[in-house]
Amino acid sequence: MKLLHIDSSILGDNSASRQLSSEVVKAWQTAAPAAVVTYRDLAADAISHFSATTLVAAGTTAELRNAAQQHEAELSASTLAEFLAADAVVIAAPMYNFTIPTQLKAWIDRIAVAGQTFRYTEAGPEGLCGGKKVVIVSTAGGLHAGQATGVAHEDYLKLLFGFLGITDIEFVRAHGLAYGDDVRTKAMSDAHTQISEQLFAAA
Ligand SMILES: Cc1cc2nc3c(=O)[nH]c(=O)nc-3n(C[C@H](O)[C@H](O)[C@H](O)COP(=O)(O)O)c2cc1C
């Protein structure tokens with residue numbers, strides 16, 4: 001069993017989503033001790049934005065690529081391979097400006113690949129990643145779940161992974177983190193409880 005752990009917060013040791021995603025992974029390892037974990041820190045080791053160079057690199061044979069294109073092609077290939085190899089993915093997704101961090105979007109741009117993770121058929125798009133499990137650690141300063149303000153955050157991630165064929169998507173949520181100490185403490189405590197008591201209850 002291979003588990004891919006993704007962090008994307010820019011807040012380092014003060015990050016709520018980093019704390020919770022690491023807890024999810026520890027709980028997972030306890031439930032499945034043989035799990036092999038691959039870790040990617042998108043803030044410390046940012047993936048470049050999907051660009052014209054990335055696109056041209058994908059359409060150019062290896063021998064004809066220049067150095068920048070070769071770099072882009074290798075980054076795309078290794079990022080996609082890591083995702084394809086994973087049986088489960090734990091993604092820390094803080095809300096920044098009503099959506100996910102740009103670093104996480106750059107990762108998504110490398111794994112949403114036609115012919116690899118989805119394809120178009122005569123009947124419409126088809127996701128090719130069914131069978132994977134995704135746990136999304138969703139943190140926010142305000143309260144957005146089920147609100148219009150949360151559409152580009154949790155709803156977007158659900159849509160994206162659904163498009164890739166993934167139906168087993170769980171959210172560990174700690175919202176209202178900027179609403180003062182009491183709300184923050186309760187939100188984090190509820191998330192801890194969810195991780196320890198509910199997340200692997202069916203495992
Ligand atoms: C650049 C930036 C933008 C933010 N934008 C929002 C926002 O639009 N809505 C919100 O509720 N909280 C916002 N926040 C607060 C974060 O969602 C909150 O601090 C949360 O804890 C982030 O998770 P993290 O601690 O893992 O980084 C923002 C924080 C930062 C640093």
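Numbering of residues begins from 1 in every chain and follows the order in which that chain's sequence is written. This being a predicted model, a pLDDT of at least 70 is required before a residue's local features are given, and a value of 80 or more before pairs of side-chain atoms are given or counted; all residues contribute to the totals for chains, interfaces and linings. Values shown for side chains rest on all heavy atoms present in the structure; no hydrogens or waters enter the calculation.

**A few points about the site of the ligand**
Then comes step 1: Being near a molecule or strand, for a residue, means having at least one of its heavy atoms within 4 Å of it. Around the ligand, the structure places 16 residues, and the nearest of them are Ser9, Ser15, Ser17, Gly142 and His144.
Then comes step 2: Contacts described as polar in this section are N or O atom pairs within 3.5 Å, which, within protein, must combine one atom able to donate a hydrogen with one able to accept it, while residues neighboring in sequence count only if both atoms come from side chains. A distance of 2.6 Å separates an oxygen atom of the ligand from a polar side-chain atom of His144.
Then comes step 3: Per-class residue counts for the shell around the ligand are 8 nonpolar, 8 polar and no charged. In this classification, Asp, Glu, Lys and Arg are treated as charged, Ala, Val, Leu, Ile, Met, Phe, Trp, Tyr, Cys and Pro as nonpolar, and every other residue, Gly included, as polar.

**Regarding the pairing of strand E1 (residues 2-7)**
Then comes step 1: Counting buried residues in E1 gives 5 out of 6 residues, a clear majority hidden from the surface.
Then comes step 2: Paired strands, as defined in this entry, are two strands with at least two bridges between them according to DSSP. Helix and strand definitions follow DSSP, with helices as H or I runs of at least four residues and strands as E runs of at least two, each counted in order from the N terminus. Examined bridge by bridge, E1 and strand E2 (residues 36-41) share 6 bridges and lie parallel to one another. By the bridge assignment, Lys2 is partnered in E2 with Val36.
Then comes step 3: Handedness of a crossover: with both strands directed away from the viewer, a clockwise path from the first strand across the helix to the second marks it as right-handed. Considered for its hand, the β-α-β crossover made up of E1, helix H1 (residues 16-31) and E2 is right-handed.
Then comes step 4: In the sheet, E1 pairs with strand E3 (residues 88-94) via 4 bridges, with the strands oriented parallel. Looking at E3, one finds that Leu3 is bridged to Ala88. Throughout, exposure labels follow a simple rule: accessible area from a 1.4 Å probe, protein chains only, divided by the maximum for the residue type, with under 20% read as buried, over 50% as exposed, and the rest as partly exposed.

**As for the packing of aromatic side chains**
When we look at a pair of aromatic rings, we describe it by the centre distance and by the angle of the planes.
Then comes step 1: When two rings of Phe, Tyr or Trp (its six-membered ring) have centres within 6.5 Å they constitute a pair, described as stacked for plane angles under 30 degrees, edge-to-face for angles over 60, and tilted for the intermediate range. Inspection of the entire model under this criterion finds 4 aromatic pairs.
Then comes step 2: Where Phe83 meets Trp107, the ring centres are 5.8 Å apart and the plane angle is 85°; that geometry is what we call edge-to-face. Remark: Trp107 occurs in helix H4 (residues 102-111) and Phe83 occurs in helix H3 (residues 67-85); sequence separation between them is 24 residues.
Then comes step 3: According to the relative accessible area criterion, Phe83 is buried, its value standing at 0%.
Then comes step 4: A residue is classified by how much of its surface remains accessible, and Trp107, at 0% relative accessible area, is buried.
Then comes step 5: The rule for a charge over a ring is simple: NZ of Lys or CZ of Arg within 6 Å of the ring centre, and within 35 degrees of the ring normal. A cation over an aromatic ring shows up here: Lys132 above the ring of Phe83, its NZ or CZ 5.1 Å from the ring centre.

**Describing the layout of surface pockets**
Then comes step 1: Counted as a void, the largest pocket has a volume near 260 Å³.
Then comes step 2: The way it works is a 1 Å grid over only the protein atoms, where trapped points that fit a 1.4 Å probe form a cavity and open points with protein on both sides within 12 Å along at least five of seven lines form a pocket, and then any residue with an atom within 4 Å of a point lines it. Lining the largest pocket are 17 residues, and of these Phe50, Thr54, Ala58, Ser76 and Val113 sit closest to its centre.
Then comes step 3: Within the residue set of the lining of the largest pocket, elements represented by two or more residues are helix H2 (52-58), H3 and H4.
Then comes step 4: With 5 residues, H3 is the single largest residue contributor to the lining of the largest pocket.
Then comes step 5: The calculated volume of the second largest pocket comes to roughly 190 Å³.
Then comes step 6: If you go around the second largest pocket, you meet 15 residues; those closest to its centre are Leu11, Pro94, Tyr96, Thr139 and Leu177. Grid points are joined across faces, edges and corners, and a volume is the space filled by probe spheres set on the points.

**Quick notes on the sheet that holds E3**
Then comes step 1: Judged by pairing direction, the sheet is parallel, and its 5 strands sit side by side in the order E2-E1-E3-E6-E7 without closing on themselves. The strands lining the two open edges of the sheet, one partner per strand, are E2 and strand E7 (168-174). The average angle at which neighbouring strand axes cross in this sheet is 15°, direction not considered.
Then comes step 2: Taken together, the 7 bridges between E3 and strand E6 (residues 133-139) define a ladder with parallel strand orientation. Lines fitted to the C-alpha atoms define the axes, with helices restricted to the stretch that makes contact. Angles between their N-to-C directions range from 0 to 180 degrees.

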